[in-house]
Amino acid sequence: MAIPHHGAMPSPQGLYHPRHERDGCGIGFIVNIKGEKSHGIVKNGLQILENMAHRGAQGCDPCTGDGAGLLIQIPHEFFRRAAAEGGAKLPGAGQYGVGMVFLPADPAQRRHTELMIEAVVHEEGQQLLGWRDVPVKESSLGELARASMPFIRQFFVARNILSEAQFERKLYVIRKRIEHAVRESAIEQRDAVHVCSLSCNTVVYKGLLLPNQMAPFYQDLADEAVVSALAMVHSRFSTNTFPAWSLAHPYRYICHNGEINTLKGNLNWMRARQGRMHSELFDRDLDKLYPIIHEQQSDSACLDNAVEFLVMGGRSLPHAMMMLIPEAWVGNPHMDLDRRAFYEYHAAMMEPWDGPAAVCFTDGKTIGGTLDRNGLRPCRFMVTYDGVAVLASEAGVLPVKPEDVRLKGRLQPGKMFLVDTVQGRIIDDEEIKHDITRRKPYRQWLLTHRISLDELPEPLNVPQPGHAALRQQQQAFGYTIEEFKMILTPMVVTGEEAVGSMGTDTPLAVLSERPQLLFKYFKQLFAQVTNPPIDPIREQLVMSLVTNIGPKPNLLGETPESCRRIKVQQPILTNAELEKIREITDEHFRSKTLRMLFRVADGADGLGSAVDELCRQASQAIKDGYSFLILSDRGVNADWAPIPSLLGVSAVHQHLIRECSRTEVGLIVETGEAREAHHFACLIGYGAGTVNPYLAFRTLIDMERDGYLPEGIDAATAQQKYIKAVNKALLKIFSKMGISTVQSYCGAQIFEAIGLNHDLIDRYFTGTASRIGGLGLRELGEETLRRHQAAYQPTAVRLLDYGGEYHYRVQGEQHNWSPDVIYRLQHATRTKNYATYKEFSRLVNDESRHRANLRGLLELRTGAPIPIDEVEPASEIVKRFKTGAMSFGAISKEAHETLAIAMNRIGGRSNTGEGGEDPERFIPLPNGDSKNSAIKQVASARFGVTIHYLVNAKELQIKMAQGSKPGEGGQLPGGKVDETIARLRYSTPGVGLISPPPHHDIYSIEDLAQLIFDLKNANPGADISVKLVSEVGVGTVAAGVAKAHADKILISGDSGGTGASPLSSIKFAGLPWELGLAETQQTLVLNNLRGRVRIETDGQLKTGRDVVLAALLGAEEFGFATAPLIVEGCIMMRKCHLNTCPVGIATHDPALRAKFSGQPEHVINYFFFVAEEARELMAQLGFRRFDDMVGRSDKIKPQRALDHWKAKGLDFSALLHRPAAPAGTAIRCVERQRHDIDQVLDRRLIEQARAAIETGRPVRLESPIRNTDRTVGAMLSGEIAKRRGAAGLPADTITVAFTGTAGQSFGAFLAGGVTFVLEGESNDYLGKGLSGGRIVVYPHRGSKFIPEETILIGNTSLYGATGGECYVYGAAGERFAVRNSGVKAVIEGVGDHGCEYMTGGVVVVLGRTGRNFAAGMSGGVAFVYNEDGQFPKRCNLGMVELEPVIDDEDVALLQDLITRHATYAGSRKAAAILQQWQTARPTFVKVMPIEYKRALAERAQRARLVPSAG
Amino acid sequence: MADPKGFLKYKRQEPKKRPVAERVRDWKEFYEPIAEETLKSQGARCMDCGVPFCQSHTGCPVQNMIPDWNDMVHRGRWQDALKMLHATNNFPEFTGRLCPAPCETACVLGIIDDPVSIRVIEWNIIDRGFDAGWVAPVVPARRTGKRVAVIGSGPAGLAAAQQLCRVGHGVTVFEQDDRIGGLLRYGIPDFKMEKHVIDRRLEQMRAEGVEFKTGVRVGTDLAAQDLRRQFDAVCLAIGAMQPRELSVPGRELDGVHLAMDYLTQQNRLVAGDAVRPGERPITAKGKHVIIIGGGDTGSDCLGTAHRQGAAQIHQFEILPEPPKRRAESTPWPLWPMQLRTSHAHEEGCDRQWSLSTTKLTGSNGRVEQLHAVRVELETGPDGRARFAPQPGTDIQMKADLVILAMGFAGPVRAGLLADLGVALDQRGNVAVNEDHMTNIDGVFAAGDAKRGASLIVWAIREGRDAARAIDQFLQAGKRTAPQP
């Protein structure tokens, strides 16, 4: 392993870029509420840190952690003594600041740095009292950490200013100046320099450490004189293994568990604001702070910078947090008006830093924690009777006697927990926000100065659309016939975006011969692993399209005029709305329309100068005092062509950011180009506030005139529905990156470009990834002109271009799966004719001509061939082949089983997909065949994921994303859910099923590690694989996944995918596997992690050549989905979503299934052909063993597409880059992961329960339990399922009584016959995948808190549970019983999103629920004890209705469950309810899914009919 | 696609044919009209495939946007359908009637059911278009001043002419015969396509500005070199008129005729002409007729003989009888080897396979008997397939009229081709480069003359392709007009 640099990340190389590094973690603090300082707080802080070690990670060197740290108050006595030892005499407490710095290890450079620091302190008029070496014990470090260890020193600055606040502000200025100076200096090791803290209140100790190394390393911390009233800690899990000391938390004010998804935009806006900022507090010091945020640091560090700036700028710490991470207010009608006004007022000033986050913050006096609006990170707190508060990612991190606990709780979404040590009390969310939101008359200010678009007068003059020249306009903007049919019509008919199937097989925009819109070069980014996507439909309450347009105010000011902006409800403006703005006469809102056109006569080169001119005009308009710039491409005619709107808006946006004038104006785009949701997303993502798609509107009018709109839809309705569809799709696009609001999406640049060259990107799309170069401004101009020419040359018949993007047309876009390719593959495999196969592969491989994909431009560097008989046989190679994850549900039983049989015969692996699998298939057939899919998928809906399912797998695949729609959930319409599918998915026939976008147990990398651990425990013999989709940064995610102990990582390309996906997702999200695979290989090799994992790739692999190229780029295994389906008879009907597949593959219609003609032999023939072709190439390359070929990208040479007008600029050097790694660094998998499951608690349980498992004789066990005991019960259950099948053991065969705080995933996949009784509390994921067992939780007997009101179990309990019981005497966190499909549970209270996506089972809540209860719930029932009568407001009534409990069966069921609850969990409340049952019963509300009710009624009716018919 | 389940609801339907007894008594087209509702449901059978094989290389040569107009027909949007149809096919009224419809044998629905009746839908779109007056002249906005000569007025020549004219070039079509249409007019019997169908299309072309010159033999009446001087480009669309001959004793006997002579004469008669001076009438009335050749031309001769009142008709084919259903060697979506029964066969015929004519005998110079032998297909010593006579299988049969419908052997080389000095390919067809240009600069070729005898739909495609190439040649990069 190379030791790069000096505690810094490697520089960008190949496809790797350090900016994609991610981290997750455990965070926490402990505080003495009264502010009493003690060394005990420090010690306890360190203990909390150690107890969250499993949330951090270690790298390739097991002794080097990813980082850990501690922030405490300045221990004056200690420093006075310590400084004196170094000869410095400190003044009194609070009269000096302490700087903690990482310095270069090299003495000369160190000295140089110190001199710089001293100079800055001096220049700022302060006095540097002296330096101190921080005593550290190097030997306690891991090898990597030691090799990169900086020299750690502290320095002391005397206070020379009156107020403490001013002094702290001065120290901030000093630190910023030091940072700027170091960065600009010539010091070679400047990257190692890092000022951990410089403050008169706090000091930070941190480093590249494991949590348990903190105390031994920093000897100061052991000193009894190191006292503090508070300690804030952090344990880091990074995706990389690079020794980066500076990236450890805490930063100066915060430590952070989460990810800022909108970072790029936040940084841009921060920079853009510089032009408008001023503050008396800083006076002339303000300029010294710029840039406020240095961009080359982690998202957490950036957030810290922003918090610090706001706080130093005069706002309180909670106020700053509320500005940066506001709770969801738009969709919350219950919020009090002042708080609402506060958020609304500040929304004009600061866009949210959006993403999952748990943040701890402190200024040394107050300390607190807050959660993002969606509550996507766990955070638990506890307060003791002796005045100590602990808040952390997990419960149980600090052992406390149960009787000492006064209060336990969890942080709720968007809420804050704050301790003010000066006031000596806890201030709850309500009080904090009450005070802050009433500091100023925000409501009044808004009323006076903020205008709503709706309130503006109706415009005098709205452009009236005409029909003349419409076709020419459409042609000029590249409209196609297909778009009318496939895109626009579905939008206006359904109000949703169009759906398609079978992925995409058209060329990348840069490889297409046809002119493409600029939008097509941009791919949407999406969340996977390190942060979760959001469900924009079911969790709509956190989403918002409301935006304020117009100039943004001074961030540091707080004046009535600060909110002088226009509020719009959603970003798509109708023509009339745009005119309203254009006609405003108010001098504060004057608008200027700039023409976004260029002169045709100037040719392709005219585009560049026109864009420059546009930017110049924008600057001028700002000087002239305009507040809105309307960039308009109206006016296209024979002489004028449109500047691509995305180029126009992004160029102006970037230009104004550079000029620091961007916040002076609002940008509005008026364009004929935008029509699809992706287009709008691009425009907004690159800086447009609102968009007016005038040509799309005009087209709708034209469609009405020509009778193309369906009955009952006129143009006006169509326009409304169109806007609705775009809005809905926009929310989905935001949500797939985990972004909730249009305001933070605006300018966030959540895209990767592909096929655009660096000049173009750097200049106009600054900061966007574009990794293989491509075309430039000139070619863009050429594309525009080609469209323009087609539009304006004279012609007799004007028919739009057909398109052919979605459905093949001879005259349309090129498709990989052309008719010729399809039938040749079918003929070859049916007749076992290798010659015909070679015709097929020649057609496919001949992509030098077709250029349908990147690998078409790669060539093999043959030479030194060997005889083919020396090459490993095909029968070995086929074992590396997989068929894709297609659920039984997406494809028919016949199609699914044929693939399984074929793969089992040849030793490859088939995949269940996410729909579960019929247990019958686990049993081999008499003839020796097996229909059991070797790979069992675990996807977000967890359909049919039982312990029995898990133990019958050779490989368990966690699907993080899917190539055709990464970041999105799925939906199986009720019509497709027949009896069998419903049985396998534990749902009800005829009722539609929803897959959530995220795994609700994976919001971060440490969560993924937890799920891997769960699955490995459940089936220790199975490989655990993680499926990712190719996008920029996927390599970094993969590195994290490798560190999370996955055995295999699948990098899926963007082009595959069956079933139904929105067309925009199929086309515009994800990248080809070539890029993702190469990036993964490079990043893993660079991190020395490649040796631990196997890499698989898929995404339209077809031929032996594809396999060889993928192997050379780094893959060991290969997945095929479309090709085997075609072998089975698929003819790319692309109607999978309609259940009408005429060849019996993607359908459950028995009549059509009868047409299925595929056979296992055909599939086998195919794979052997592919392997044989691969062998031929291996012989030419000189490889005998397949393994030798893996990662040898030096055997590939790029072929320049010199004759292609667009592709000629492509540059594949990054793709083929091989990181310089020391000899011996593995470039393929050479070892097994270490899973650390040898010592788990289950081993002992299994031992003790051995006899019970074998004989069924009951056994009762007891055990203490801690938060570090994770996934207890899964391995035991696996043992039971292996021997006893799905049924498990008879009830109560094994009973285990636990005492203490259970770690995550307590009782996961617990099998039938096992009862877990927990006295104490538990962390997240209790009863995950519960498979028939029983879990009982009640508080420790000595506890004094009120159980009904106290959080006892964490978030996301009973996720994906299929059967069993659960009784909790206490409340749960968010998402209780999410995706429950069979468990009966009784609980005292639940957080937000309870019973989400539930499809079966019964949930009884005896107390309060959070918001959004029953969202997406399509089956099962819930009974809620509605004491305060407010439950209906907290319930999401989208899919359920509320009924009284009157039905006899319901009453009996409810009474029985409550009785059990009282018995098992000892609930006092249950007992009380039972006692007065007749009066209590009417207080219960039954939550009944509407569809479920209908299906049950139908079933009952059928049941009645059957006997009479018989 | 309005009805995703249409293919499950409706069965394939084609228009009814008029009763045999009725239709053999006249020369009118043999199909009856089909109801609009039926056509709409037939359109609904189209599955709107993600990959429409009907449009692929194994499907429609003119790349008709079949799923799109099927959908339009299903919705009753005939005019839209027509617009789309015309975008790829200049003469759907010809192909709708005459095309063997490779689109249908490639239709995806054909895998599991009878394919969509594409041809009938096409035919109805265009006929409805003419009836409704939607087929108007498409007059170019401006003229280029360039002149193109198209030699030959079959479907290839006409397609090229129309395309070139529409982009503004001056086009003159030369036809050696007395009427425009080539094989369409004189090779196709009226019961398959009545000739007013051609006339109404020619009327449109004239209105668009195409100039037609009939009775001009280029090479004879107009010297090849003059042609080159008068026109900026020349398109040879002279067809593949060289008949394949039967070289057996007795070929010279009276009553032995080439199919094309037979068909042409009858077509003229139907058109109201008299038998030309010097020509002898050829009629099957009351005769024992033997047609040699089992292809489409043979079938046309068969239908003609029925209508002339033949006593008895046999049709001999040298190839073995194909299977009743798609042969395994030609799986979907390939053009299937299989037995095809035409409307004429339904009218009555004795079809014999694997028969090779050995001689013709007669008396008084008139044919009376045909002698043949059974043959089997085998591989010869040179590796080529050949027909081996089977000993002892000789037959003879009474024959008053023998019609040779054995196909064509490329364009007539003597005359124009020789005069121009046009190079030929190995098969004796006009050789061209990828831009349809012959070895002579500015001289192009299209249709059967270039590819050998083929389908009308291919001729149209060739004409269109050649037109695009000619236009490019004439514009030489300076594009002022749209491409055809």
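Caption draft 1: Up close: the overall build of chain B. Counting its secondary structure elements, chain B contains 18 helices and 14 strands. Taking 2.2 N^0.38 as the reference for a compact globule, 484 residues should give roughly 23 Å; the C-alpha atoms of chain B span a radius of gyration of 23 Å, in line with that estimate. Considering only C-alpha atoms, chain B reaches an extent of 70 × 60 × 50 Å along its principal axes. Within the span of chain B, comprising 484 residues, buried residues form 57% of the whole.

Caption draft 2: Summary view of the packing of aromatic side chains. Residues and elements named next belong to chain A. A full pass over the atoms with the stated rule returns 51 aromatic pairs over all chains. On the numbers, 5.6 Å between centres and 40° between planes, the contact of Phe881 with Phe1167 is tilted. Placement of the pair is Phe881 in strand S31 (residues 881-885) and Phe1167 in helix H39 (residues 1160-1181), with a sequence separation of 286 residues. Phe1167 shares its class with Phe881; the two are buried. Through a chain of ring-to-ring contacts, the aromatic side chains of Phe522, Tyr686, Phe734, Tyr745, Phe751 and Phe765 assemble into a single cluster. When the ring centre of Phe151 is taken as reference, the NZ or CZ atom of Arg110 above it lies at 3.7 Å. One Lys or Arg, Lys1328, reaches over the ring of Tyr1325 and ends 4.7 Å from the middle of that ring.

Caption draft 3: Spotlight on the interface of chain B and chain A. With 41 residues of chain B at the contact, the number on the chain A side is 36 residues. The contact between chain B and chain A buries some 3,300 Å² in all, and 66% of this surface belongs to carbon and sulfur atoms. Counting the surface chain B buries against chain A, the share from its top three residues, B:Gly50, B:Val51 and B:Ile112, is 16%. Our count for the chain B to chain A interface comes out at four salt bridges. Here B:Asp48 makes a salt bridge to A:Lys485, at a shortest N to O gap of 3.4 Å. Joining chain B to chain A, the criterion identifies 18 residue pairs in polar contact (both at pLDDT 80 or more). Counting residues per element, the ones that place at least two in the side of chain B that touches chain A are helix H1 (6-9), helix H4 (66-74) and helix H5 (78-88) of chain B. Examining the composition of the side of chain B that touches chain A, we find that five residues originate from one element, H5(B), more than from any other. Grouping the constituent residues of the side of chain B that touches chain A by class yields 24 nonpolar, nine polar and eight charged.

Caption draft 4: View of the side chain of A:Thr1409. Considering the arrangement of structural elements, one finds A:Thr1409 in the loop between strand S50 (1399-1405) and strand S51 (1419-1425). For A:Thr1409, the residues in contact, after removing those within four places along its chain, are A:Val1390, A:Gly1391, A:Val1424, A:Phe1431 and A:Arg1434.

Caption draft 5: Fine view of the packing of helix H29 (residues 893-906) of chain A against H39(A). Residues and elements named next belong to chain A. H39 packs onto H29 with a crossing angle of 50° between their chain directions and a minimal axis gap of 8 Å. Classified by the angle their axes make, H29 and H39 are oblique. Regarding H29 and H39, the two cross each other, and that crossing is right-handed. Across the interface between the two elements, Thr898, Leu899, Ile901, Ala902, Met903, Arg905 and Ile906 from H29 touch Pro1160, Glu1161, Val1163, Ile1164, Phe1167 and Phe1168 from H39. Looking at the contact of H29 with H39 residue by residue, the class counts come to 10 nonpolar, one polar and two charged.

Caption draft 6: Focus on the pattern of salt bridges. This model, assessed by the stated rule, comprises 170 salt bridges over all chains. Taking the shortest distance from any N to any O, the salt bridge between A:Arg1375 and A:Glu1396 comes out at 3.1 Å. Separated by 21 residues along the polypeptide, A:Arg1375 in the loop between strand S48 (1363-1372) and strand S49 (1381-1389) and A:Glu1396 in the loop between S49 and S50 bring together distant segments of the chain. Residues B:Arg268 and B:Asp177 are paired through a salt bridge, measuring 2.8 Å at the closest nitrogen-oxygen approach. Placement of the pair is B:Arg268 in helix H13 (residues 259-270) and B:Asp177 in the loop between strand S2 (170-175) and helix H10 (183-186), with a sequence separation of 91 residues. With relative accessibility at 5%, the residue B:Arg268 sits in the buried group. Here the salt bridges share partners, and the residues they tie into one network are A:Lys882, A:Arg909, A:Glu955, A:Asp1023, A:Lys1048, A:Arg1094, A:Glu1096, A:Glu1117 and A:Arg1232.

Caption draft 7: Representation of the sheet that holds strand S1 (residues 23-32) of chain A. Residues and elements named next belong to chain A. Read across the sheet, seven strands follow the order S7-S2-S8-S1-S13-S12-S14 without closing on themselves; strand pairing throughout is antiparallel. Two strands lie at the open edges of the sheet, namely strand S7 (202-207) and strand S14 (405-410), each paired on one side alone. Geometrically, the sheet is characterised by an average inter-axis angle of 10° between neighbouring strands, direction not taken into account. Note: strand S2 (residues 68-73) against strand S8 (residues 230-238), five bridges, orientation antiparallel. Counterpart to Leu70 in the pairing with S8 is Val233.

Caption draft 8: Geometry of the pairing of strand S29 (residues 769-775) of chain A. All names here are of chain A. The element S29 is extensively covered by neighbouring structure, given that seven of its seven residues are classed as buried. Two strands pair when backbone bridges link them, and strand S28 (residues 751-756) and S29 are joined in this way by four bridges, in the parallel orientation. The residue bridging Ala753 from the neighbouring strand is Ser770, located in S29. Handedness of the crossover is the feature at issue here: the chain leaves S28, passes through helix H23 (residues 758-764), returns alongside S29, and the resulting connection is right-handed.

Caption draft 9: Structural context of helix H3 (residues 36-44) of chain B. Taken together, the buried positions of H3(B) are B:Thr38, B:Leu39, B:Ser41, B:Gln42, B:Gly43 and B:Ala44. Where the residues of H3(B) are buried, they touch H1, H4, H5 and helix H8 (118-132) of chain B.

Caption draft 10: Structural detail: the environment of B:Ala311. All names here are of chain B. Note that Ala311 resides in the loop between helix H14 (296-308) and strand S7 (312-316). For the pair Ala311 and Ile291, spaced 20 residues apart in sequence, the C-alpha separation works out to 13 Å. Setting aside chain neighbours within four positions, we find Ala311 in contact with Ala284, Gly286 and Lys287.

Caption draft 11: Representation of the sheet that holds strand S3 (residues 211-214) of chain B in the model. Residue and element names in this part refer to chain B. Sheet architecture is open: five strands sit in the order S3-S2-S1-S4-S14, paired in parallel fashion. The sheet terminates laterally at S3 and strand S14 (443-445), the two strands that pair on one side only. When strand polarity is set aside, the average angle formed by the axes of neighbouring strands in this sheet is 20°. Relative to S14, strand S4 (residues 233-236) runs parallel, the two sharing three bridges. What sits directly across from Leu236, in S14, is Ala445. In this fold helix H18 (residues 456-475) packs onto strand S1 (147-151), S4 and S14, with an angle of close to 165° to the strand it touches most, S4.

Thresholds, definitions, all that
Residues numbered from 1 in each chain as written. Chains lettered and ligands numbered in written order. Predicted model: local features only at pLDDT ≥ 70, side-chain atom pairs only at ≥ 80, totals over all residues. Heavy atoms only, no water. Helix = DSSP H or I, 4+ residues; strand = E, 2+ residues; numbered from the N terminus. Rg over C-alpha atoms; globule rule 2.2 N^0.38 Å. Buried < 20%, exposed > 50% of the residue type's maximum accessible area, 1.4 Å probe, protein only. Phe/Tyr/Trp six-rings, centres within 6.5 Å; stacked < 30°, edge-to-face > 60°. Lys NZ or Arg CZ within 6 Å of the ring centre and 35° of its normal. Contact = heavy atoms within 4.5 Å. Buried area = accessible area lost by both parts, 1.4 Å probe. Salt bridge = Lys/Arg side-chain N within 4 Å of Asp/Glu carboxyl O. Polar contact = N/O pair within 3.5 Å; in protein donor to acceptor, adjacent residues only side chain to side chain. Nonpolar A, V, L, I, M, F, W, Y, C, P; charged D, E, K, R; others polar. Axes fitted to C-alpha atoms, helices over the stretch in contact; angles between N-to-C directions. Parallel < 35°, antiparallel > 145°, perpendicular 65-115°, else oblique. Left-handed = near helix turned anticlockwise from the far one by under 90°. Pairing = 2+ DSSP bridges. Right-handed = clockwise from strand over helix to strand, strands pointing away.

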